[in-house]
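The primary structure of each chain is shown beneath.
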Amino acid sequence: MRAGVAAHPNTPAELLGQLAAEFPAEVLGNPAWPLLRLAQPNLLKAWPDAAVLALLRLPQAPEWFRYHAAKSDSLEVQVALARHPALSPAEIDQLARHSAWVVRARIAARTDVSAELLHTLAHDPDYGVRLALASRSDLPASSVAALRRDPSHFVRQVISKPSDPASAPCCSCCACGRAEISA
């Protein structure tokens, strides 16, 4: 019943904001969205963060919605936006310059970041961003080289770990490469 209300075109915008956390797909699929956006351009600012977060978890969250989410004051919303699978290159570039290191770190962990942006993030002032980047196994050589010279011991430690699980020691007693024998 409540899901039907979330999808109904006559449901007031305020009520949609309350239902979005529980029924994000229905709210996002509501045929009244184009009219609501025209009538209330700042509609999403009045909605609770839980509603915006639920809608951002949907891969089909449209670009206009992501645009408004990018204007949110909530760091939690910004991090969720940085995780969205359908970000455009422009959105990724914008979030890579975010003032919060945790948002930039989330961008550094994405697989669809350009080599140029990876190189920029390898020189980020916050070691948390560089640490997230060092955890990747698909970095260009220039980024790897920069991270191997990183001032943070933790970043250098992570970038130096073998990325191939087969090359790691299989037992804790030595680095022999043989399986442990259970007694």
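Per-chain numbering applies: the sequence of each chain, read as written, is numbered from 1 onward. Since the coordinates come from a predicted model, pLDDT governs what is reported: local features require at least 70, and pairs of side-chain atoms require 80 or more to be given and counted, while whole-chain, interface and lining totals use all residues. Each side-chain value is worked out from all heavy atoms of the structure, with water and hydrogens disregarded.

Undergrad: Break down the nonpolar core for me, citing the residues and quoting the values.
TA: With 53 residues, the main nonpolar core has Val27, Trp47 and Ile107 as its most contacted residues. Residue contacts for Val27: discarding those within four places in its chain leaves Ala6, Leu16, Leu19, Ala20, Trp33, Trp47 and Leu55. Residues enter a nonpolar core if they are buried and are Ala, Val, Leu, Ile, Met, Phe, Trp, Tyr or Cys, with the set joined through side-chain atoms within 4.5 Å. The rule is simple: take the accessible area with a 1.4 Å probe, protein chains only, and divide by the maximum for that residue type; under 20% is buried, over 50% is exposed, in between is partly exposed. Should any heavy atoms of two residues lie within 4.5 Å, those residues are considered in contact.

Undergrad: Explain the packing of helix 12 (residues 141-148) against helix 13 (residues 153-160) residue by residue, including any values.
TA: Helix 13 packs onto helix 12 with a crossing angle of 135° between their chain directions and a minimal axis gap of 8 Å. On the basis of their axis angle, the class for helix 12 and helix 13 is oblique. Contacts from Val144, Leu147 and Arg148 of helix 12 reach helix 13 at Val155, Arg156 and Ile159. By residue class, the composition of the contact of helix 12 with helix 13 is four nonpolar, no polar and two charged. Note on geometry: axes are C-alpha line fits, over the in-contact stretch for helices, and angles between N-to-C directions span 0 to 180 degrees. Under the scheme used here, helices are H or I runs from DSSP no shorter than 4 residues and strands are E runs no shorter than 2 residues, and both carry numbers assigned from the N terminus. In what follows, roughly perpendicular refers to angles from 65 to 115 degrees, roughly parallel to angles under 35, roughly antiparallel to angles over 145, and oblique to any angle outside these ranges. Under this grouping Gly is polar, as are all residues other than the nonpolar Ala, Val, Leu, Ile, Met, Phe, Trp, Tyr, Cys and Pro and the charged Asp, Glu, Lys and Arg.

Undergrad: Let's hear about helix 11 (residues 127-134): which residues, and what values?
TA: Owing to its 3.6 residues per turn, the α-helix aligns residues three or four sequence positions apart on the same side. With respect to burial, helix 11 is a largely interior element, six of its eight residues being buried. Of all the positions in helix 11, only Gly128, Val129, Arg130, Ala132, Leu133 and Ala134 are classed as buried. Looking at the buried residues of helix 11, the elements they touch are helix 9 (101-108), helix 10 (115-121), helix 12 and helix 13. Polar contact is defined as a pair of N or O atoms within 3.5 Å, subject to the rule that within protein one atom must be able to donate a hydrogen and the other to accept it, and that residues adjacent in sequence are counted only when both atoms are side-chain atoms. Residue Asp126 occupies the N-cap position of helix 11, its side-chain oxygen lying 2.7 Å from the main-chain nitrogen of Gly128.

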